[in-house]
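The primary structure of each chain is shown beneath.
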Amino acid sequence: METKVELKLKASGDRKVTNHATSKGALGKDATVNDRNSFALSASRCKEEYKTSFCDNCYAASLERFLPTVRNALEHNWQVIEPHLHSYAKLVELLNPIIEESVSQKLKRNVPPEKWTFRWFWDGEIPSAAFAKAMSVLARKHPLVKFWVYTRNFDVVKHLKAENLYVYLSTDIDNWEWAKETKKSNRNVMYAFNGLTWADTQQVAELCEEPKGLRCPELTGRIDLVQWSEETTAQGKQIGEGACTACEYCTHGKGNVRFSATN
């Protein structure tokens, strides 16, 4: 009788959010990411009710089209979690190993605990209330890690409750009213204002009657995609970190933030 082997989830190594990168050729955007620092599902699995016209500019969906290996990895994750979408206990069991792996990789490279970060959903969307509950459980299980997420699934925001889990409502000209209502009953969340231009993002902030927040400094060029330090490995490779972990704005839940698609 054959024993069925349970498939494992695959975390991502994203340059923009890495805690530890090493140079790959000349210093610049090219880098080897040394920690699995994020999780995602395919954009094709996003529910239609959460999409707006801004989603037509989805950078992650474009990446999937050009890189089939990325699309296949994200689709693999969906196949693993789909049978358990409504069991938060099972989702915790499936997701916990990728958090532990990420922490282990940070420890191996002597990343100080106060820098540890993990991003949920650089692509795709929170697929169920149970998944949101699992994210909260995992945050409490790993209190030294700072988790953050941008989400359009405002229905599950009430389940995202942990001191080290920072939640941003992805808000644009089409869904700002829903976002504003969600914020009223979830004071701990912040806004990520989206638009084609920076002026668009400011308009949405004004509609929400909120501080417009920081323009993403990586998009404006104030911070490089990878911030290189003077430190090197024993092999002479330069050591750096991603823009998000260098900035520490979203990763520490400091306030509203803005993203312009045309940047």
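Numbering of residues begins from 1 in every chain and follows the order in which that chain's sequence is written. In keeping with the predicted nature of the model, local features appear solely for residues at pLDDT of at least 70, side-chain atom pairs appear and are counted solely at 80 or more, and the whole-chain, interface and lining totals rest on all residues. Working from all heavy atoms in the structure, the side-chain values ignore hydrogens and water.

Peer 1: What is the right way to read the nonpolar core from this model?
Peer 2: The tendency in soluble globular proteins is for nonpolar side chains to be buried side by side. Counting residues in each nonpolar core, the largest one holds 47 residues, and the members touching the most others are Phe 39, Leu 95, Trp 120 and Phe 131. Residue contacts follow a heavy-atom distance rule, with two residues in contact if any of their heavy atoms lie within 4.5 Å. Those residues in contact with Leu 95 that lie beyond four places of it in its chain are Leu 9, Phe 39, Trp 120, Phe 131, Ala 134 and Leu 138. Only buried residues count toward a nonpolar core. Its members are Ala, Val, Leu, Ile, Met, Phe, Trp, Tyr and Cys residues joined through side-chain atoms within 4.5 Å. We call a residue buried when its accessible area falls under 20% of the maximum for its residue type, exposed when it is over 50%, and partly exposed in between, using a 1.4 Å probe and counting protein chains only. Listed in part, the 13 residues of the second largest apolar core include Tyr 166, Cys 216, Tyr 249 and Phe 259.

Peer 1: Where do I start with the pairing of strand β10 (residues 238–242) in this structure?
Peer 2: Think of it this way: any DSSP run of H or I at least four residues long counts as a helix, any run of E at least two long counts as a strand, and we number them from the N terminus. The element β10 is extensively covered by neighbouring structure, given that four of its five residues are classed as buried. Following DSSP output, two strands are said to pair if at least two bridges run between them. Where strand β1 (residues 21–23) lies against β10, two bridges are found, and the strand directions are antiparallel. Residue pairing for β10: Ala 21 is matched across the bridge by Gly 240. Inspection of the sheet shows strand β9 (residues 226–232) paired to β10 by four bridges, in the antiparallel sense. Bridge pairing in β10 places Val 226 opposite Gly 242.

Peer 1: What exactly am I supposed to notice about helix α3 (residues 88–108) here?
Peer 2: Think of an α-helix as turning once every 3.6 residues; residues three or four places apart then point the same way. Its 21 residues give α3 an end-to-end C-alpha distance of 30 Å, which sits within 8% of 30 Å, the value for a rise of 1.5 Å per residue. Where the residues of α3 are buried, they touch β3 (38–39), α2 (68–81), β4 (117–120), α4 (129–141) and β5 (146–151). To estimate the expected span of a helix, count its residues, drop one, and scale the result by 1.5 Å.

Peer 1: Mind showing me how you'd approach the packing of helix α1 (residues 59–66) against α2 here?
Peer 2: Every axis corresponds to a line fitted to the C-alpha atoms, with the helix fit spanning only the stretch in contact, and the corresponding angles, defined between N-to-C directions, vary from 0 to 180 degrees. Close contact between α1 and α2 brings their axes to 5 Å; oriented N to C, the two are set at 110 degrees. When the interaxial angle is binned, α1 and α2 end up roughly perpendicular. Across the interface between the two elements, Glu 64, Arg 65 and Phe 66 of α1 pack against Pro 68, Arg 71 and Leu 74 of α2. Within the contact of α1 with α2, the residues separate by chemical class into three nonpolar, no polar and three charged. Working rule for angles: under 35 degrees goes down as roughly parallel, over 145 as roughly antiparallel, 65 to 115 as roughly perpendicular, anything else as oblique. Residues are grouped as follows: nonpolar covers Ala, Val, Leu, Ile, Met, Phe, Trp, Tyr, Cys and Pro; charged covers Asp, Glu, Lys and Arg; every other residue, Gly included, is treated as polar.

Peer 1: Would you mind going over the state of the cysteines with me for this structure?
Peer 2: Any two cysteine sulfur atoms within 2.5 Å of one another count as a disulfide. For the structure on display, the rule yields zero disulfides. The structure places no disulfide on Cys 247, whose sulfur is separated from the nearest cysteine sulfur, that of Cys 250, by 6.6 Å. Cysteine Cys 250 is unpaired, with the sulfur of Cys 244 as its nearest cysteine sulfur at 6.4 Å.

Peer 1: Help me out: how do you make sense of α4 in this one?
Peer 2: For α4, spanning 13 residues, the distance from its first C-alpha to its last is 18 Å, which sits close to the expected 18 Å at 1.5 Å a residue. Listing the buried residues of α4 in full gives Ala 130, Phe 131, Ala 132, Ala 134, Met 135, Ser 136, Leu 138 and Ala 139. In this structure, the buried residues of α4 make contact with β3, α2, α3, β4, β5 and β6 (165–171).

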